[in-house]
Amino acid sequence: LPLRVRRTSEKGVPGARAANLAACDKATKRLPAKGRGGLAKHACVEAVRAAVTSAFEAGMATENRLFETLVRSSQSASKRHLFFAERAAAKLPTSGPGAGAAGAARSSPVGVIGEACV
């Protein structure tokens, strides 16, 4: 017997729509402002809301549109910059023969003489 194709995108869950919309509303209230680093988080909630309120294909189209918008956003660019900067900084030598590489200033021992009250 051939197996029947069962797509989960075509199945519904009774009562789930209202619960999911309520969860989206609750989540939106707890998110940071879009301009304060919350752009992607708001887009996630919007994608879930589209999945709940529209047909599968329309929900996927909304998710794709949101993704494309996020990739081109300034928040995305700054996070990519930070990601690569952190990796580059981790590769810098902190001690040993190459410690002064990449234009970093070498430090030398320092002694403190006396005690002053200012």
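See above for the structure.
What counts, and where the lines are drawn
Residues numbered from 1 in each chain as written. Predicted model: local features only at pLDDT ≥ 70, side-chain atom pairs only at ≥ 80, totals over all residues. Heavy atoms only, no water. Helix = DSSP H or I, 4+ residues; strand = E, 2+ residues; numbered from the N terminus. Buried < 20%, exposed > 50% of the residue type's maximum accessible area, 1.4 Å probe, protein only. Areas by Shrake-Rupley, 256 points an atom, 1.4 Å probe, with all protein chains shown as cover. Phe/Tyr/Trp six-rings, centres within 6.5 Å; stacked < 30°, edge-to-face > 60°. Lys NZ or Arg CZ within 6 Å of the ring centre and 35° of its normal.

With that settled, consider the overall build of the protein chain. Of regular secondary structure, the protein chain possesses four helices and zero strands. Its helices and strands taken in sequence order, the protein chain reads α-α-α-α from the N to the C terminus. Considering the protein chain as a whole, with its 118 residues, one finds that 11% of them fall into the buried category. Carbon and sulfur atoms provide 60% of the accessible area of the protein chain, an area that totals close to 10100 Å².

This paragraph deals with the packing of aromatic side chains. Scanning the model with the defined rule gives one aromatic pair in all. A centroid spacing of 5.0 Å and a plane angle of 90° characterise the contact between Phe 83 and Phe 84, whose relative ring orientation is edge-to-face. Look at Phe 83 and you get partly exposed, because its relative accessible area is 38%. Looking at Phe 84, the relative accessible area reads 55%, which means it is exposed. The side chain of Arg 87 reaches across the aromatic face of Phe 83, ending 3.8 Å from its centre.

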